[in-house]
Amino acid sequence: MTAPARTRRPLPLLTPEEAGELRPDLADVIEYRKSGLSLNHVIGCPLECGYCIRHLYKNFGMKVPRALMSDEDAVTALIGHRYFRPHVTPIQLFNKATDPMLPVVKQHTFNTLRLLDEQGLTNHVLVITRWRVDSEDCAILNSFKHIKLSVLVTYSGIAHTGIEPVDSNIAATSLKTLYANADTYRAVFYWRPIVPGLNDTAEHLATAKALSEHAHASVFTGLFFRDDIAAYYRENGLPEPYEGTARRKIMPEQTEARILDVFRRPADSEEPWGPLFRKTSCAVAYAHGLADYNGHYGIRELCDICPKRQLGLCAAAWQAPETADANTVAASLGATAPVEITDRAIITEGLAEQPRYYMQHGYGFQVHDRAHPHRDRRHGRAEIGWRGGEQGAPTP
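Attention here is on the structure that accompanies the text. (Residues numbered from 1 in each chain as written. Predicted model: local features only at pLDDT ≥ 70, side-chain atom pairs only at ≥ 80, totals over all residues. Heavy atoms only, no water.)

**Let's talk about the overall build of the chain**
Basically, it comes down to this: A run of H or I in DSSP counts as a helix once it spans at least four residues, and a run of E counts as a strand once it spans at least two, with each numbered from the N terminus. Each radius of gyration is computed over the set of C-alpha atoms, and the globule rule expresses the reference value as 2.2 Å times the number of residues to the power 0.38. In this analysis, two residues are considered to be in contact whenever any of their non-hydrogen atoms come within 4.5 Å of each other. Positive charges come from Lys and Arg, negative ones from Asp and Glu, while His and the chain ends are left out of the count. By convention, the charge on Lys lies at NZ, on Arg at CZ, on Asp at CG and on Glu at CD.
In terms of helices and strands, the chain carries 13 helices and 13 strands. Taking 2.2 N^0.38 as the reference for a compact globule, 396 residues should give roughly 21 Å; the C-alpha atoms of the chain span a radius of gyration of 20 Å, in line with that estimate. Across the chain, every contact between residues at least 6 apart in sequence was considered, and the portion connecting residues at least 24 apart equals 71%. Taking the average location of the 44 positive side-chain charges in the chain and that of its 46 negative ones, the two points are 2 Å from each other.

The following block contains the structure:
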């Protein structure tokens, strides 16, 4: 039986007039992102992280969370969505415009998880938070019987309060609490954003390594630094970490090398770097003892730090689709040319991100856009900070 959540009054719904003022991509409560079909029927957050993606949705000023619809209506919309596959499609909850563990939001988090679980769905469900989680929360999270639940705790260690107003010790404590109480769910150390000169000293790296011992898996990643976020930095006199912005997250080559040096174990170890991963889905899959649902095994340079047992799981599950079938699916989604299937990915033309992710999760095989190639060792990451990069190196 699902443990009852602490009772609070549900968040008020936005009026039609208020909802009409939102950007369409924020008013739409379902969006396909790389780590899953993202459900965001609660928006608004008081945490004010300077690099928050809410800048892109012109919603950073909304500090008080509000609901766009009921949890029941949101779950109905999700499972009826054209891209949703029962037991297959990974789901992300409240990862675009709020924190799911804020006191006024987590009742909706728990209720939405319950509604999904009661459907008997075994899909991956990712909940990402940097806020407080206590043992009573853990009891509720452990009560779900069907969904494969992962709680990813965002930790940066950034001390600059203009960039990161939230004390990172809150996330560190939550991670330890989640890991100590985990039964049916998994706790993932989500170490981000790592920014040169801001939170990458030897002390920062050592602290992160120690925290990784309190997680079933760890993933590290860089800063998502788009024009809207850079503008916020300039307007508020914050130090800009890079000379330019980028479409993808920025993880400089030297920063990654230093991280791997700190985490490195003996070469003959079954886990030469421990359960440390470059990609979120890899960490989530490892934590549940499953193959990566994003098919990153095709991008072998991402796998050179993976535990050997995990490599075996991913290798066994990884298989390119038949070209004819991939062409049929791609054409039905709007592709403008036949696909090309390589030993790394399905290459498409004319498909936006969301239909590509639908194909990717269906096949467990990477699906790329020919117009945005994924370069060797920089797969899905910006050119900034890499030798031969097109947008320059990080600023001192």
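**Digging into the sheet that holds strand β7 (residues 148-155)**
This is how the line gets drawn: We call two strands paired when DSSP finds no fewer than two bridges between them. Between N-to-C directions, angles cover 0 to 180 degrees, with each direction set by a line fitted to C-alpha atoms, over the stretch in contact for helices.
In space, the eight strands of this open sheet follow the order β1-β2-β5-β6-β7-β8-β9-β10, with mixed pairing throughout. Each having just a single partner strand, β1 (30-33) and β10 (276-277) make up the two edges of the open sheet. When β1 meets strand β2 (residues 36-39), the two strands line up antiparallel, connected through four bridges. Residue pairing in the sheet places R33 in a bridge with G36 of β2. Here helix α3 (residues 71-79) sits on the sheet in contact with β1, β2 and β5 (91-93), set at roughly 155 degrees to β2.

**Topic: the packing of aromatic side chains**
Cut-off, in case you're wondering: Any Phe, Tyr or Trp ring, taking Trp's six-membered ring, that has another such ring centre within 6.5 Å forms a pair; planes under 30 degrees apart are called stacked, those over 60 apart edge-to-face, and the others tilted. The criterion is that NZ of a Lys, or CZ of an Arg, lies within 6 Å of the ring centre and within 35 degrees of the ring normal, and then a charge sits over that ring.
In the structure shown here, the tally under the stated rule is eleven aromatic pairs. Ring geometry for Y32 versus Y357: centroids 6.2 Å apart, planes at 65 degrees, classification edge-to-face. Remark: Y357 occurs in helix α13 (residues 353-363) and Y32 occurs in strand β1; sequence separation between them is 325 residues. These aromatic residues form a ring-pair network of at least three members: Y32, Y83, Y357 and Y358. In this structure, R300 packs its charged tip against the face of W318, placed 5.2 Å from the ring centre.

**A few points about helix α4 (residues 106-118)**
Short version of the rule: Expected span, for any helix, means 1.5 Å times one less than how many residues it has. Buried means the residue's accessible area, taken with a 1.4 Å probe over protein chains only, is under 20% of the maximum for its type, while exposed means over 50%, and partly exposed covers the values in between.
The first and last C-alpha atoms of α4 sit 18 Å apart over 13 residues, in line with the 18 Å expected at 1.5 Å per residue. Counting buried residues in α4 gives eleven out of 13 residues, a clear majority hidden from the surface. Following α4 by one or two positions, G120 has its phi on the positive side, about 75 degrees.

**Topic: the pairing of strand β9 (residues 217-220)**
Our working rule: We call a crossover right-handed when, viewed with the strands running away from us, the connection from the first strand over the helix to the second turns clockwise.
Of the two faces of β9, both are covered, the one formed by A217 and V219 as well as the one formed by S218 and F220. As judged from the four bridges shared by strand β8 (residues 186-191) and β9, these two strands associate in the parallel manner. By the bridge assignment for β9, Y190 is matched with V219. Read as a crossover between parallel neighbours, the route from β8 over helix α7 (residues 202-212) to β9 is right-handed. Pairing of β9 with β10 involves two bridges; the strand directions are parallel. Counted as the bridge partner of V219 is F277 from β10.

**Considerations on the sheet that holds strand β13 (residues 367-369)**
Pairing is mixed across the open sheet formed by three strands, whose spatial order is β11-β12-β13. For this open sheet the edge positions go to β11 (340-341) and β13, each flanked by a neighbour on one side alone. Of the pairings in the sheet, the one linking strand β12 (residues 346-348) to β13 comprises three bridges and is parallel in character. Residue pairing across strands places I347 opposite H368, the latter belonging to β13. Relative to the sheet, α13 contacts β12 and β13, its axis offset from that of β13 by approximately 155 degrees.

**Observations concerning the nonpolar core**
Let me state the cut-off plainly: Definition used in this section: a nonpolar core is a set of buried Ala, Val, Leu, Ile, Met, Phe, Trp, Tyr and Cys residues joined via side-chain atoms within 4.5 Å.
Within the largest apolar cluster, 93 residues are counted, with the highest numbers of intra-cluster contacts made by L113, L149, L178, W191 and F220. Top element by residues in this core is helix α6 (residues 168-181). It accounts for five residues. Setting aside its immediate chain neighbours within four residues, L113 contacts L93, V125, V127, L141, F144, I147 and L149. Among the nonpolar cores identified, the runner-up in size contains 29 residues, and Y190, A283, Y286 and C303 belong to it.

**Points about helix α9 (residues 253-263)**
Rules: This arc describes the spread of directions from the helix axis toward the C-beta atoms.
What α9 keeps buried is the set E253, T255, E256, I259, L260 and F263. What you see down the axis of α9 is that its buried residues fit within an arc of 165 degrees, all on one side. Opposite the buried face of α9, by more than 90 degrees, sit the exposed residues Q254 and D261.

**Regarding the packing of α3 against α4**
To be explicit about the condition: To sort the angles, those under 35 degrees are grouped as roughly parallel, those over 145 as roughly antiparallel, those from 65 to 115 as roughly perpendicular, and the leftovers as oblique. Crossing handedness is read from the near helix: turned anticlockwise from the far helix by less than a right angle, it gives a left-handed crossing, and turned clockwise, a right-handed one. Classification convention: Asp, Glu, Lys, Arg as charged; Ala, Val, Leu, Ile, Met, Phe, Trp, Tyr, Cys, Pro as nonpolar; all other residues, Gly among them, as polar.
Where α3 contacts α4, the two axes come as close as 10 Å, and the packing angle between them is 45 degrees. With respect to each other, α3 and α4 are oriented oblique. The interaxial crossing formed by α3 with α4 has right-handed handedness. Contact residues: α3 offers D71, E72, V75 and L78, while α4 offers H108, N111, T112, L115 and L116. Per-class residue counts for the contact of α3 with α4 are four nonpolar, three polar and two charged.

**Considering the environment of A180**
Counting through the fold element by element, A180 comes out in helix α6. When the C-alpha atoms of A180 and A215 are compared, they prove to be 8.9 Å apart, with 35 residues separating the residues in sequence.

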